[in-house]
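Residue-level listing of the chains:
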Amino acid sequence: MQNEINTGDLLLNEQKKTALSFTMYFTVFILVGFIVFFYFCAFIPVDGDSMENTIFDHHYCFVQRKCFNVDRGDIVTVNTSSDGKEHIVIKRIIAVGGDKLIFMADKKYEFIDIYICKKGQNRFYLLNETYIKEKMRTRISVYWGTPILSYTPELTDLLTDNQADMSEIEKYIIFIPDDHIYFLGDNRNSSRDSRYYGTRNTEMITSKVLSIL
């Protein structure tokens, strides 16, 4: 009888040890998961209307904060500080290092189209931006350092001719340095972005938006 009791106690102890081990492993797994999640990812609130109609004021974005690559079209958060004080904005990448941009006004000098020549290519083409809220206007205050090319049919043809001599409009070309990005808000007429801040090094990108909530 004593042996049966001892055997029962041993089985009970083993079950307790197994349950305890499972609880410990599960707890460690959850803690590691939380640490990894909050180290690499985050939920951030959006303040302002500069990314409408893609992201609205008071929306939240799920972002990746570490180990990400970015490309044209990605939405990112960027530290635009130039004086050491962090100032984070959320914008869309329009061009990357090695790209060239030209801002061309229409005939009435009212709206602007963007032409891009991607790195490694030798011709510009009109950027098709289906995501913007409305056409970009010329008469807004953010174009501090952005040259705007006046429209002429000949210049439009010149931009899309890969054999053309671009020297006559070179002063209107925005060159994106290596390891830099040019970023704009989707609500172009209510956004302070690279037209105001200029380009920023990719090291100044603080996160990449994975989804909008």
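Above this text sits the structure in question.
Residues numbered from 1 in each chain as written. Predicted model: local features only at pLDDT ≥ 70, side-chain atom pairs only at ≥ 80, totals over all residues. Heavy atoms only, no water.

1. Let's talk about the overall build of the protein
- Helix and strand content of the protein: three helices and 13 strands.
- Residue pairs at least 24 apart in sequence account for 61% of intrachain contacts in the protein once pairs closer than 6 positions are excluded.
- Roughly 13000 Å² of accessible area belongs to the protein as shown, and the carbon and sulfur atoms make up 55% of that amount. (Helix = DSSP H or I, 4+ residues; strand = E, 2+ residues; numbered from the N terminus. Contact = heavy atoms within 4.5 Å. Areas by Shrake-Rupley, 256 points an atom, 1.4 Å probe, with all protein chains shown as cover.)

2. A closer look at the environment of Met51
- Along the chain, Met51 falls in the loop between β1 (41-45) and β2 (60-64).
- Taking C-alpha positions, Met51 is 7.7 Å from Ser191, a pair spaced 140 residues apart along the chain.
- Setting aside chain neighbours within four positions, we find Met51 in contact with Ile75, Ile90, Lys91, Arg92, Leu184, Gly185, Asp186 and Asn187.

3. Section: the sheet that holds β2
- Here seven strands make up an open sheet; going across it, the order is β1-β2-β13-β3-β4-β11-β12 and the pairing antiparallel. Strand pairing shows two members of the sheet lacking a second neighbour, β1 and β12 (200-201), which therefore form its edges.
- As paired strands, strand β3 (residues 75-79) and strand β4 (residues 88-96) are joined by five bridges and run antiparallel to one another. Across the sheet, Ile75 pairs through a bridge with Arg92, a residue of β4. (Pairing = 2+ DSSP bridges.)

4. Digging into a nonpolar patch on the surface
- Side chains of Phe43, Tyr60 and Leu213 sit close together on the surface and give an oily, nonpolar patch of about 330 Å² of accessible area.
- Looking at the secondary structure, you find Phe43 in strand β1.
- Looking at Phe43, the relative accessible area reads 47%, which means it is partly exposed. (Patch = residues over 30% accessible without salt bridge, like charges linked within 9 Å, V, L, I, M, F, W, Y side chains within 5 Å. Salt bridge = Lys/Arg side-chain N within 4 Å of Asp/Glu carboxyl O. Buried < 20%, exposed > 50% of the residue type's maximum accessible area, 1.4 Å probe, protein only.)

5. Considering the pattern of salt bridges
- Within this structure, the stated rule accounts for nine salt bridges.
- One salt bridge in this structure joins Arg137 and Glu110, with 3.6 Å as the shortest N-O distance. Placement of the pair is Arg137 in strand β8 (residues 136-137) and Glu110 in the loop between β5 (100-105) and β6 (111-117), with a sequence separation of 27 residues.
- Note on Glu110: relative accessible area 33%, which makes it partly exposed.
- Linked by salt bridges that have partners in common, Asp71, Arg72 and Asp99 make up one network.

6. Here we look at the nonpolar core
- Of all hydrophobic cores here, the largest spans 17 residues; its most connected members are Leu101, Phe103, Ile114, Tyr143 and Tyr182.
- With sequence-adjacent residues up to four places away left out, Tyr143 is seen in contact with Phe103, Ile112, Met136, Arg137, Thr138, Ile148 and Arg195.
- Ile102, Phe124, Leu155 and Met166 belong to the second-largest nonpolar core, a separate cluster that totals 13 residues. (Core = buried A, V, L, I, M, F, W, Y, C linked by side-chain atoms within 4.5 Å.)

7. Describing the side chain of Thr156
- As for its position among the elements, Thr156 is in helix α2 (residues 153-159).
- On the basis of relative accessible area, Thr156 is assigned to the buried category, the value being 19%.
- In contact with Thr156, other than residues within four places in its own chain, are Met104, Tyr115 and Tyr151.

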